[in-house]
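Spelled out from the first residue to the last, the chains are:
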Amino acid sequence: MILLYRKIMVGENLESMQCEMYFESLFDVDFDYLVGLGKEMPTLLFIDASKYSEDVLNDWIFAFTNIILINNNPIRAFIIRGYSEDRQEFKGYYRVLSSYKSPRQIVQEVTTSIDENLDKIIGNSNRVVQMKKMIVLSMFYDGSIMILGETGSGKNLLAEIIAKLSPRGSRPFYSINCAAIPENLLESELFGYKKGAFTGAAAEKVGLIEQANDGTLFLDEIGDMPLNLQAKILAITENREFFKIGATKPIKVDVRFITATNRYDDAAIRNDLRYRLSAVKVDLAPLRERKTDIPQIFDAILEKKGYLVKFENIPQDLKERFLSYSYPGNVRELINMIEEYLAVNDVVQASVNSSMSKNVKLLAEEAMVARMLNGTTYKDFLQEVYKSVSHELLVQRSEVLGNNMNELSKEFGLTTRRIRDLLAEANSYIKDQSTEVDDE
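Residues numbered from 1 in each chain as written. Predicted model: local features only at pLDDT ≥ 70, side-chain atom pairs only at ≥ 80, totals over all residues. Heavy atoms only, no water.

Considerations on the packing of aromatic side chains
Here the structure, examined in full by the defined rule, presents 14 aromatic pairs. Here Tyr193 and Phe198 contribute two aromatic rings whose centre-to-centre distance is 4.8 Å and whose plane-to-plane angle is 65 degrees, an arrangement assigned as edge-to-face. When its relative accessible area of 16% is taken as the criterion, Tyr193 is described as buried. Ring-pair connections join several aromatic residues into one group, and the members of that group are Phe298, Phe311, Phe322 and Tyr341. Positioned over the ring face of Phe140 is Arg95, at 5.1 Å from the centre of the ring. When the ring centre of Tyr378 is taken as origin, the NZ or CZ atom of Arg371, which lies over that ring, is 5.1 Å away. (Phe/Tyr/Trp six-rings, centres within 6.5 Å; stacked < 30°, edge-to-face > 60°. Buried < 20%, exposed > 50% of the residue type's maximum accessible area, 1.4 Å probe, protein only. Lys NZ or Arg CZ within 6 Å of the ring centre and 35° of its normal.)

See below:
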């Protein structure tokens, strides 16, 4: 089981709950311990505040917040008030949760919700683990979030999970794909209209922005939204109000926007809107960069459909096809290929487009062309290919593993010193190659 976040319990009523550290009283909390926690692991404090006065809590939280701000530790706190009025307050680095339930019940519900929602994102690859940790940290953030991910990678699911775990988790969540609706209808869907605003407007329509008031609205493929509508969305983020089509008075709203784009440098998004909507960015890795998750995704899909077969039990040649394919359509395409396998007991798409055999043939052709044009020997050509692939693989894994020398050393079977030397050589080589391309 991969640890995605650390739990610390404070208070007598939370004793014996599963966690990494327990303090009997608020006054016993060791701030040095909190400050010294590793910054790579999100930490949640669950504090049973039922026996403390408001002044004590405020003083403690003030000190806690200052320490966290100064040391930049990824620590967030839940202040639990069991057997009290039902309410929830959100204050940046901590949430106050009050309920008629016991503190233990409240904590159990919160942690269960976190775990169940994170489990919806299938996979334990490094990219997925880092993204799940980012989701835990964003639980205490109530501003706009932008999801960066290719088509078919699961942006809608990710948006739902982020919304569910946010301070607005119990409030409305709506989504709309800006690329799937014609421009003249998109404005009506988002903003609604007054009766008689245009021909055919026989009754007033409530738009998604108004329906999502106090909740979350997910705008998928925001780059496909017309610029005039982008300007209106920007006005909502600034003024917290909008006009229905045909209306003369604005409507006040409090909507949290989650947006997504499949283009990482989407020039179609207004810069001022991009800055407003992307204070926090979540990078959703394409499936080809997390192929180690494919067996888990395969098993989860078949289990959901009621099949007993597991990835490990399918024929070896099918395993190779599933794992070697590049998946331009990402998880959506993988699901279609699994459907094909269930229907005809084969995967035609992957066998036709399998990248390895195709690339080998292309490289062989390139080697012969290089010999004819430049007199390059096959030995020199193969050495250059080996060097290029080795450098690219090392640089990619370094980025995925956060430049963790120990992990890289394990994966490549080399000493950390040798890894550092090779990384320096690889970065220099890639820089030289890009310079050559620019010169051409």
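Here the narrative resumes, following the displayed structure.
A few points about helix α4 (residues 126-138)
Taking 1.5 Å of rise per residue, the 13 residues of α4 would be expected to cover 18 Å, and the 18 Å separating its terminal C-alpha atoms lies within 8% of that figure. Those residues of α4 lying buried are Val128, Val129, Met131, Lys132, Lys133, Ile135, Val136 and Ser138. (Helix = DSSP H or I, 4+ residues; strand = E, 2+ residues; numbered from the N terminus. Expected span 1.5 Å × (residues − 1).)

A word on the side chain of Ser125
Its place among the elements puts Ser125 in the loop between α3 (103-119) and α4. Side-chain polar atoms of Ser125 contact the side chain of Asp293, separated by 2.6 Å. Ser125 has contacts with Arg290, Thr292 and Asp293, leaving out every residue within four places of it along the chain. (Polar contact = N/O pair within 3.5 Å; in protein donor to acceptor, adjacent residues only side chain to side chain. Contact = heavy atoms within 4.5 Å.)

Notes on the pairing of strand β6 (residues 94-98)
Burial of β6 is extensive: 5 of the 5 residues sit out of reach of the surface. The alternating pattern of β6 places Tyr94, Val96 and Ser98 on one face and Arg95 and Leu97 on the opposite face, and all of these are buried. Direction of pairing for strand β4 (residues 75-81) relative to β6: parallel, over a ladder of 5 bridges. Bridging from a neighbouring strand, Phe78 pairs with Arg95 of β6. Connecting the antiparallel pair strand β5 (residues 87-90) and β6 is a turn made up of 3 residues, with Gly92 showing a positive phi of about 75 degrees. (Pairing = 2+ DSSP bridges.)

As for the pattern of salt bridges
Following the criterion strictly, the structure yields 24 salt bridges and no others. The partner of Glu210 in a salt bridge is Lys244, and the shortest N-O contact between them spans 3.4 Å. Of this pair, Glu210 sits in helix α7 (residues 208-211) while Lys244 is found in the loop between β10 (241-242) and β11 (251-252), placing the two residues 34 residues apart along the sequence. The class of Glu210 is partly exposed, set by a relative accessible area of 26%. According to the relative accessible area criterion, Lys244 is buried, its value standing at 4%. When the shortest N-O distance is used, the salt bridge between Glu339 and Lys305 registers 2.6 Å. One end of the pair, Glu339, is in helix α12 (residues 330-344); the other, Lys305, is in the loop between α10 (294-304) and α11 (316-324), and 34 residues separate them in sequence. By relative accessible area, which is 34% here, Glu339 ends up partly exposed. Each of Asp142, Arg168, Arg240 and Asp254 takes part in a single network of salt bridges with overlapping partners. (Salt bridge = Lys/Arg side-chain N within 4 Å of Asp/Glu carboxyl O.)

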